[in-house]
Amino acid sequence: MNALPAFPSLPDDPSEQNLLHSLPWSQEAETGLIGALLTHNDLIDQVADLLTPEHFHDQAIGRVFSAASQLINTGKQADIITVLGLLQEQSRAQGISLVWLNELTHAAGSARSVRRYAELIADKALARSFASAAGEVVDLAREHGPILDRIGMAQAKLETLQTASTKSAPKA
C-alpha cells in the first residue's frame, strides 16, 4: 500500500477553495467499491494492494473502507452493522449512519469491476496529490533564495509522486 502525500486543508481564499472542490474524484467508483465490499467481503483481495483509506476523496467512505478492511483482515464479517459498530467504538462514526451505509450497499458496483474502481480511485487520489504538489511548487517559485535550490525541492516533490505512481501502477 502506498501512502500519498497529505492533502492540505482548505485554503482561506474562496477562489482556491473552488479549485480544490473541483479536483478529480469519482463518487460512483468510491460508493460502488464500498457498497460491493460491504456485500462481498472477499473482494478486499482485489483492492487491498491498491488502496488505503487516504485514497478516498470522501473521508467518510475512507473511514468505512478502513473499518471494513480492519474487520475483514481479522477474519470478521464487515457489513453495515459491524462496520458502524466498529466506527462507533473508535469514535469515528461522525456523519455515518446505518441508513447511509445501507444506501451504499444498494449503490454497490459490479463485483467484476471492483479492481477497475480501485484503480480509478487510486488514479484520482494521485491526481489530487499532484495538484497539491503543483501548488507547493508555485509557492516555492514565489519564495526568495537560490532558484536552483528551489527547483531541486520542486523536483523532489514531483519525484515523490512519480515513485508513488510507479508502486501503485496496475500489474500487467
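Here, every reference points to the structure presented above.
Residues numbered from 1 in each chain as written. Predicted model: local features only at pLDDT ≥ 70, side-chain atom pairs only at ≥ 80, totals over all residues. Heavy atoms only, no water.

Caption draft 1: Examining the overall build of the chain more closely. Helices and strands together make up the secondary structure of the chain, namely eight helices and zero strands. Of the regular secondary structure in the chain, the N- to C-terminal order runs α-α-α-α-α-α-α-α. Across the 172 residues of the chain, 39% fall into the buried class. Within the structure as shown, the chain displays about 9900 Å² of accessible surface, and the carbon and sulfur contribution to it stands at 55%. (Helix = DSSP H or I, 4+ residues; strand = E, 2+ residues; numbered from the N terminus. Buried < 20%, exposed > 50% of the residue type's maximum accessible area, 1.4 Å probe, protein only. Areas by Shrake-Rupley, 256 points an atom, 1.4 Å probe, with all protein chains shown as cover.)

Caption draft 2: Representation of the packing of aromatic side chains within the structure. As enumerated under the stated definition, the model contains one aromatic pair in all. Arranged with centres 5.1 Å apart and planes meeting at 40 degrees, the rings of F56 and F65 form a pair that is tilted. Note on accessibility: F56 and F65 belong to one class, buried. (Phe/Tyr/Trp six-rings, centres within 6.5 Å; stacked < 30°, edge-to-face > 60°.)

Caption draft 3: Inspection of the pattern of salt bridges at higher detail. Overall, the coordinates contain five salt bridges when judged by the stated rule. Taken together, the shared-partner salt bridges connect D49, R115, R116 and E119 into one network. (Salt bridge = Lys/Arg side-chain N within 4 Å of Asp/Glu carboxyl O.)

Caption draft 4: Broad picture of helix 5 (residues 80–89). Residues of helix 5 that are buried include every one of I80, V83, L84, L86 and L87, and no others. Taken down its axis, helix 5 places every buried residue within 160 degrees of arc, on the same side. In helix 5, those exposed residues whose orientation departs by more than 90 degrees from the buried face are I81 and E89. Taken together, the buried residues of helix 5 touch helix 2 (27–39), helix 4 (59–73) and helix 6 (98–106). The N-capping residue of helix 5, defined by a side-chain oxygen 3.0 Å from the backbone nitrogen of I81, is D79. Within two residues after helix 5, S91 carries a phi angle of roughly 55 degrees, on the positive side. (Arc of directions from axis to C-beta. Contact = heavy atoms within 4.5 Å. Polar contact = N/O pair within 3.5 Å; in protein donor to acceptor, adjacent residues only side chain to side chain.)

Caption draft 5: Molecular detail of a nonpolar patch on the surface. A surface patch of nonpolar side chains, about 310 Å² in accessible area, is lined by I147, L148 and I151. Among the structural elements, I147 can be located in helix 8 (residues 147–168). (Patch = residues over 30% accessible without salt bridge, like charges linked within 9 Å, V, L, I, M, F, W, Y side chains within 5 Å.)

Caption draft 6: Seen up close, helix 7 (residues 114–142). A rise of 1.5 Å per residue sets the reference length of helix 7, with its 29 residues, at 42 Å; its end C-alpha atoms lie 42 Å apart and thus fit the reference within 8%. All of the buried residues along helix 7 are V114, A118, E119, I121, A122, A125, L126, R128, S129, S132, A133 and L140. (Expected span 1.5 Å × (residues − 1).)

Caption draft 7: Examining unusual backbone geometry more closely. With phi around 55 degrees, S91 is a residue other than glycine that occupies positive phi space. Mapped onto the elements of the fold, S91 is located in the loop between helix 5 and helix 6.

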